[in-house]
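Results of the structural survey
Next come the chains, spelled out residue by residue.
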Protein chains: 4
Amino acid sequence: MPKKIRLGVLGGGGDSLIGVLHRVASHINDNYEIVGGCFNPDFKANKAFAREIDVPLNRIYSDFDTLIEEELKLPENERIEVCSVLTPNFLHFPMAKKLLDNGFHVICEKPMTTTLEEAKILQKAHKKSGKVFALTHTYTGYPMVRQMREMIKKGAIGKIHKVDAQYYQGWINEIIHDKKLRSTVWRLDPKKAGISSCMGDIGVHAFNMVEYTTGLKVKSLLSDFNYLYKDNKMDVDGTVLIRMDDHVKGVIRSSQVATGDENGLSISIYGAKASFHWEQENPNFLYVKSDTQPMQVYKPGHAYNSKLSLDGTKLPAGHPEGIFDSMANIYLGAAKAIRGKRYNDGEFPTMEDGVRGMNFIEATVESNKKKNIWVKMMK
Amino acid sequence: MPKKIRLGVLGGGGDSLIGVLHRVASHINDNYEIVGGCFNPDFKANKAFAREIDVPLNRIYSDFDTLIEEELKLPENERIEVCSVLTPNFLHFPMAKKLLDNGFHVICEKPMTTTLEEAKILQKAHKKSGKVFALTHTYTGYPMVRQMREMIKKGAIGKIHKVDAQYYQGWINEIIHDKKLRSTVWRLDPKKAGISSCMGDIGVHAFNMVEYTTGLKVKSLLSDFNYLYKDNKMDVDGTVLIRMDDHVKGVIRSSQVATGDENGLSISIYGAKASFHWEQENPNFLYVKSDTQPMQVYKPGHAYNSKLSLDGTKLPAGHPEGIFDSMANIYLGAAKAIRGKRYNDGEFPTMEDGVRGMNFIEATVESNKKKNIWVKMMK
Amino acid sequence: MPKKIRLGVLGGGGDSLIGVLHRVASHINDNYEIVGGCFNPDFKANKAFAREIDVPLNRIYSDFDTLIEEELKLPENERIEVCSVLTPNFLHFPMAKKLLDNGFHVICEKPMTTTLEEAKILQKAHKKSGKVFALTHTYTGYPMVRQMREMIKKGAIGKIHKVDAQYYQGWINEIIHDKKLRSTVWRLDPKKAGISSCMGDIGVHAFNMVEYTTGLKVKSLLSDFNYLYKDNKMDVDGTVLIRMDDHVKGVIRSSQVATGDENGLSISIYGAKASFHWEQENPNFLYVKSDTQPMQVYKPGHAYNSKLSLDGTKLPAGHPEGIFDSMANIYLGAAKAIRGKRYNDGEFPTMEDGVRGMNFIEATVESNKKKNIWVKMMK
Amino acid sequence: MPKKIRLGVLGGGGDSLIGVLHRVASHINDNYEIVGGCFNPDFKANKAFAREIDVPLNRIYSDFDTLIEEELKLPENERIEVCSVLTPNFLHFPMAKKLLDNGFHVICEKPMTTTLEEAKILQKAHKKSGKVFALTHTYTGYPMVRQMREMIKKGAIGKIHKVDAQYYQGWINEIIHDKKLRSTVWRLDPKKAGISSCMGDIGVHAFNMVEYTTGLKVKSLLSDFNYLYKDNKMDVDGTVLIRMDDHVKGVIRSSQVATGDENGLSISIYGAKASFHWEQENPNFLYVKSDTQPMQVYKPGHAYNSKLSLDGTKLPAGHPEGIFDSMANIYLGAAKAIRGKRYNDGEFPTMEDGVRGMNFIEATVESNKKKNIWVKMMK
């Protein structure tokens, strides 16, 4: 392995949680070194933060455009190779596009863009650029999620006939039940936060999980949102009926008012021969069930797991790795791609995942608005 | 307490599981004695079974009509007081009706009838009779299910905003995936088994659980069924979006092809203050969650439980009671009613539960047939 | 099957929990009918209770000796065949002995006697009588406990090298921490309750579970008791190191001051090839682990279980049976024996279990008293 | 915060798991930068590894003594400040001592030394040096372990009366049951691996956990080891009875032949008011039980947790952090100490933990050798 990949970071300063997540993940497999960036729109805060995490100040820029301009002046073997885009949602698109257009690889937080239209534009820019684009659907980096995908590919559960995914959180309760709060907070303001709260923020993760693990595409969907209060304009809960390739039906349930649920992403996949159940809050346990045999509990780090799963585990079985490690696996996959090494489908979420995610969000909003009709998704 | 209640049993002979369930449940609280019945349409088998379980042969009848006729000849203080109707579904209605019309109390297996129309006729007959009618939605007898109901009544979880119930089984896999089997088995023949397989058999339990625990009624629903194969005419899987009183939304998920799931009835109820989660296969654990406090795990037999819950527990905490005990609690409630004692709402499912259950089944079939439109339920 | 077995009950009147447990268990498989007994030393209460549970008053006796005397006058085909002994511990021995001496079968609660000496005398009386003696170590009736025994017999886990059993309860906290209570309550008075509280009441169950499942005998033990307070003379907590046949070592941990533990009996058995873990409060889940394969979770009612296990399940998988059903399995085994039918080793605990249990209790007391030396058990 | 702390690493090269664990942990909170070290006794491999993880080659040394010598020549503000000692056990003592003697801080893997005598010498060297010494008992860095400690300190569970800790693994099965393997592998050779296998490697972690959480010291112990085979000279399983301050009794159970157990460290602590249960493989769930209230399940990241616990969590509740994060918390605590900042008792294990650990190992060996007598520990 040559030198570490030179990473620039956009956003994620101060005590931003997404910042910690990416920073730690980038370090975990010794592949990246943060050499510069723009952590904060306020230049002073930006530099203070760089000092705090000990990144050289000479490559901390006052804004994104300056970063591009200045980095391009550097010789290629010193220049930032890849940028992590951790800024507010509406900035993902312009930043990612400009980065690709200027020959940088991109690691981008989700949602990839704010509209499907933007997503399609970005997709074209990406194709043209020939650069690596990784979307950080963090949860697909878990070893046991990868294990589902690989076992399904090999036919371990037979033809799939039902998928049931859930993403339940309760944190918006403290906002939504307070009339004043819910009408002032930016997160529930469509102008600031986009067309959907619950589906856009977390439903789309569940959707991605469904397509990632099964290898099947959602063809059409019917959604029913819950706003709880008439004066609230953003969905805080919803159920989506889905129809997939191969006559598979399913349901995606998502909520931000599931009181007491913390980060309750889970998935059940039922095949003719066996089924899977996995829960994000106990990510190292994968339940494999059949009608006639005892349930099996798969855990990471065992020789019985697939290569893709084992690549995502660093310690022996019984040493719990967590969400930082899951994100680190995505960074690891992107590192292979950036270095031009062989990597497998499934090592990190791609541009296509981003486009489909935006398609999903817009389709659920449309179905709900049109009183719960079936809406087709792109192929 | 005077003498035991004289119980007659219709159906449930041989190694019928529903027969064992009712027989054991009837004994558990020392309230009933089986004094006669008609366990089997074959008179010889009927008597052989009576001998096996040691019920006097002189009150084992060749058929249901003879039972009515002969029992009515007996003095009232010897006559069967209540009959358990455990026969195939299509017989529930005619038997229950004739029993009520002739002054017998009835304990009836679900589904109460095969159509909503029958259900309404039975409801009238019941009102006229003045007799006790108990429907054995077994799962509402569990102490922790009762505990949810009582806590919700007292406002412990605040205004409800979301309900999510599931009933997943996998046993029909061995039939549905075999082309010959699925076209010959009576369970998947609408003429023999009624208009719905999955919703009619188990979805209706989940529906009943939702209304029982929340105390709210479903107002309208939208359903999507899965038949898996074009040559199969009965739903084996489906999802139902529901709208309830008080602007509550929810979802009922039901499947008979959920591979490896055994008897996976569960419910989550989210209120503004707290939420519940309960699973039938671990019935003695009730999870109570809030956004700010540690999750609590309620168990039966503790002083912190409600009276209705405690009435359903016979042993100290930590001694697992199961499904026989749950059914026994329903028999216990019915016994109080039969003896004219005070009992509380919630001690056993009633005629109204039966009518609503039939309404639910028919409404889900209608919604699915009409391409997933919203269908209103009766008030 | 002929008529039900005529059962007499000694003790267990009023709201005695052990009374409910035995009564329900005796009914569950349609094998027994309670025809008489002496539920209570107070004759009036005795009759009132009989009336309540509808047992014919003419065979309710004023005391145990009268019961024997009067029943012997009845013709053999009317006479009580078997008595359940549910009286206070010190009465187990004289009652069981007199019953056996007079030709009655006996179902006896544990501890079988109050001393090993008594146990040996009873053993002789039993041999002489030729009658059935069943000891109700309730927990060995669970289907998954039986499954462990059968799998071990067949070598499924290979040579055993370690056993770890636990029986933790917390209920004595409310007594022990109150100086006045702990010096007055009969349960902590050796004169009234025997030489041991914790080991005598629950440790002995764990010991029995160890020998029942492994098929191996404990050869010697070293125990350390905890009394918590100097003025308390009865163990309320203790750990016992054990050495078994075949060089197996292990540990039995038992406590009545394990705050918040309800009825925490559990066992782990480690073999060279695989291991078991089972917990009484989730009795329908048996965890089977190996070093190289995913953990398996066995559940009752599946075809993969042994015959002995399946005989103890009445309903399909997923319908939780509980402690009443476990006790009912012991009554079922005893019924087979009483009727002279074939039954297998392991269907109910025997006189030998009772003798060894008393040996265990006395040995732990001796080891602790002698400052934690190794004490040998009988072969 | 100034520049990152300059960290040197001794051992942990190649695919050493302990190497990954420390390297990742050191990065997680942006406190350390690896500036040099000696990863491998083979100089070529050493440099190759440094290249792989991108550490400057000019500070990769051929051996430990050279490292000391050369680093001392550097100006203080460039010199390595702290070394992580990840070498084989017998090297911990000489390296740690020389480091302290020469003014370096030390982060040391356990066991701290190979004998209690060495430990005491090291303790003196440490006192004299005035430098920071952190022992990486990884598991005490988990937020829920810290939560136990803090709640106990505040009296949340009342006076403790019983402690039960377990550390069960199964990995040595593949060695011990093979006669040739067990007599050749260095891990079971006392000359190479020290006087104890099971107690020395993992039992000592359980012991440390007991003292860390309760704040009480073990005063005396009685142990019984299991060697399984006569030709094996190292314990692979054992049980230790303990007596602590304040009349607390308890048991520590440890095994390397617990088939199918991966890294099964767990602890139960029983107080007069409440009790704790925690398991390493589900580290984000802390079970708090009482006799009269529903069990509570504490999770990291909630405001109800103590400061010490919250300091160890980086993401909101529901985002599982794992063992790398636990180790990172210890590195974080050490960083505070190295920088001369305020830190609290409990932020990292200390020299005293190391001394007591060696005392524990030697005492268990002595007790077992002397046929299970009570052995006193140092105060």
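Every residue gets a number counted from 1 within its own chain, in the order that chain's sequence is written. The lettering of chains begins at A and the numbering of ligands begins at 1, in the order of writing. Residues qualify for local features only when their pLDDT is at least 70, as the model is predicted, and side-chain atom pairs are given and counted only at 80 or more; totals for whole chains, interfaces and linings, by contrast, use all residues.

**Here's the deal with the overall build of chain A**
The numbering of helices and of strands both runs from the N terminus, where a helix is a DSSP run of H or I of at least 4 residues and a strand a run of E of at least 2. From N to C terminus, chain A includes 13 helices and 14 strands. Reported as C-alpha extents along the three principal axes, the dimensions of chain A are approximately 60 × 55 × 40 Å. In chain A, buried positions account for 61% of the 379 residues. A sequence separation of at least 24 residues applies to 69% of the contacts in chain A between residues at least 6 apart. Each residue is classified by how many other C-beta atoms fall within 10 Å of its C-beta atom, where C-beta atoms are placed from the backbone; a count of 20 or more means buried, 12 or fewer means exposed, and values in between mean partly exposed. By the convention adopted here, residues make contact when the C-beta atoms placed from their backbones lie within 7 Å.

**Let's talk about the interface of chain C and chain D**
Taken together, the contacts link 34 residues of chain C with 34 residues of chain D. Among the elements of the structure, strand S6 (160-168), helix H7 (173-176), strand S7 (218-226), strand S8 (237-244), strand S9 (249-255) and strand S10 (264-271) of chain C are those that each provide at least two residues to the side of chain C that touches chain D. Looking at which element gives the most residues to the side of chain C that touches chain D, the answer is S9(C), with four residues. Three classes are used: nonpolar for Ala, Val, Leu, Ile, Met, Phe, Trp, Tyr, Cys and Pro, charged for Asp, Glu, Lys and Arg, and polar for all others, with Gly counted as polar. Grouping the amino acids of the side of chain C that touches chain D by side-chain chemistry returns eleven nonpolar, 13 polar and ten charged.

**Regarding helix H12 (residues 323-338) of chain C**
All names here are of chain C. Here H12 contains 16 residues, and its C-alpha end-to-end distance of 23 Å stays within 8% of the 22 Å for a straight helix at 1.5 Å per residue. The buried count for H12 comes to 14 of 16 residues, which makes it a mostly enclosed element. Backbone geometry just after H12 places glycine 340 at a positive phi near 75°. For a helix, the expected span equals 1.5 Å multiplied by the residue count minus one.

**Section: the pairing of strand S7 (residues 218-226) of chain D**
Residues and elements named next belong to chain D. In terms of residue burial, S7 counts as a mostly covered element, since seven of its nine residues are buried. At least two DSSP bridges between two strands are needed for those strands to be called paired. Of the strand pairs in this sheet, S7 and strand S8 (residues 237-244) are connected by eight bridges, and their pairing is antiparallel. When the sheet's bridge partners are listed, serine 223 is paired in S8 with valine 240.

**Looking at the relation of the copies chain A and chain B**
When the copies are superposed, the least-squares fit takes in the C-alpha atoms of residues with a pLDDT of at least 70 in both. The operation relating chain A to chain B is a screw motion whose rotation component is 180°, with 0.0 Å of axial translation and a residual RMSD of 0.1 Å. Look at the turn and shift together and you get a two-fold axis relating the two. Both copies contact each other with a shared surface, as 100% of the interface residues of chain A are interface residues in chain B too.

**Examining the environment of Glu52(C)**
Residue placement: Glu52(C) occurs in helix H2 (residues 43-52). Separated by 38 residues in sequence, Glu52(C) and Gly14(C) place their C-alpha atoms 9.3 Å apart.

**Regarding the sheet that holds strand S4 (residues 105-108) of chain A**
Residues and elements named next belong to chain A. The parallel open sheet is built from five strands, whose spatial order is S2-S1-S3-S4-S5. Either end of the sheet is taken by a strand with one partner, and the two such strands are strand S2 (32-38) and strand S5 (133-135). Pairs of neighbouring strands in the sheet enclose a mean axial angle of 20°, with direction left out of account. As paired strands, S4 and S5 are joined by three bridges and run parallel to one another. The residue bridging valine 106 from the neighbouring strand is phenylalanine 133, located in S5. A fitted line through C-alpha atoms serves as each axis, taken over the contacting stretch for helices, and the angle formed by two N-to-C directions is quoted from 0 to 180°.

**Quick look at the domain arrangement of chain A**
Residue and element names in this part refer to chain A. Residue ranges labeled as domains rest on an automatic or database domain assignment. When its domains are assigned, chain A resolves into domain 1 (5-131) and domain 2 (143-310 + 349-369). Relative to domain 2, the C-alpha centre of domain 1 lies at a distance of 28 Å. Contacts between the two partners involve twelve residues from domain 1, matched on the other side by eleven residues from domain 2. By residue number, the principal contributor to the side of domain 1 that touches domain 2 is helix H5 (residues 116-129), which donates five residues. Residue composition of the side of domain 1 that touches domain 2, by class: four nonpolar, six polar and two charged.

**Some thoughts on the nonpolar core**
Joined through C-beta atoms within 7 Å, a set of buried Ala, Val, Leu, Ile, Met, Phe, Trp, Tyr and Cys residues constitutes a nonpolar core. Ranked by internal contacts, the top residues of the largest apolar core, which has 455 residues, are Val106(A), Val106(B), Val106(C), Val106(D) and Ala334(D). Counting residues per element, this core draws most heavily on helix H12 (residues 323-338) of chain D, at eleven residues. Aside from chain neighbours lying at most four places away, what touches Val106(B) is Val82(B), Cys83(B), Val85(B), Ala96(B), Leu99(B), Leu100(B), Lys131(B) and Phe133(B).

**Considerations on the environment of Thr259(D)**
Residue position: Thr259(D) is located in the loop between strand S9 (249-255) and strand S10 (264-271). The sequence separation of Thr259(D) and Gln169(D) amounts to 90 residues, and the corresponding C-alpha distance is 7.0 Å. When neighbours within four sequence positions are excluded, Thr259(D) is seen to be in contact with Tyr270(C), Gly271(C), Ala274(C), Ser275(C), Lys289(C), Ser290(C), Asp291(C), Gly170(D) and Asn173(D).

**Quick word on the relation of the copies chain C and chain D**
Superposition record for chain C on chain D: RMSD 0.0 Å, screw rotation 180°, translation along axis 0.0 Å. A shared binding surface is used by both copies, with 100% of the interface residues of chain C retained as interface residues in chain D.

**Comments concerning the sheet that holds strand S1 (residues 5-10) of chain B**
The pairing of strands in a sheet happens through backbone hydrogen bonds and is either parallel or antiparallel. Residues and elements named next belong to chain B. With parallel pairing, the five strands of this open sheet are ordered in space as S2-S1-S3-S4-S5. Two strands close off the open sheet at either side, each with one partner strand: strand S2 (32-38) and strand S5 (133-135). Taken pair by pair, the neighbouring strands of this sheet meet at an average axis angle of 20°, ignoring direction. Strand direction decides the pairing type here: S1 and strand S3 (residues 82-85), joined by four bridges, are parallel. Residue pairing across strands places glycine 8 opposite cysteine 83, the latter belonging to S3.

**What to know about helix H6 (residues 143-153) of chain A**
Residues and elements named next belong to chain A. Burial analysis of H6 places nine of its eleven residues in the buried class, which makes it a mostly covered element. At its buried positions, H6 is contacted by helix H10 (198-214), strand S10 (264-271), strand S11 (275-279), strand S12 (286-289), strand S13 (295-298) and helix H11 (307-310). Among the residues trailing H6, glycine 155 stands out with phi positive, at a value near 85°.

**Side note on the interface of chain A and chain B**
Opposite the 34 residues of chain A that make contact, chain B presents 34 residues. Among the elements of the structure, strand S6 (160-168), helix H7 (173-176), strand S7 (218-226), strand S8 (237-244), strand S9 (249-255) and S10 of chain A are those that each provide at least two residues to the side of chain A that touches chain B.

**Brief notes about the environment of Pro320(A)**
Mapped onto the fold, Pro320(A) is located in the loop between H11 and helix H12 (323-338). Note: C-alpha distance between Pro320(A) and Leu265(A) (55 residues apart in sequence) is 18 Å. The residues contacting Pro320(A), other than those within four sequence positions of it, are Asn284(A), Glu281(D), Pro283(D), Gly322(D) and Ile323(D).

**Remarks on unusual backbone geometry**
Between Lys110(A) and the following residue, Pro111(A), the backbone shows a cis peptide bond with an omega angle of -5°. Relative to the assigned elements, Pro111(A) resides in the loop between S4 and H5. A positive phi angle, near 60°, is found at His247(B), a position not held by glycine. Using a count of 15 C-beta atoms within 10 Å as the deciding quantity, one classes His247(B) as partly exposed. Although it is not a glycine, Asn372(D) sits at a positive phi angle of roughly 70°. With respect to the helices and strands, the residue Asn372(D) is situated in the loop between helix H13 (351-369) and strand S14 (375-376).

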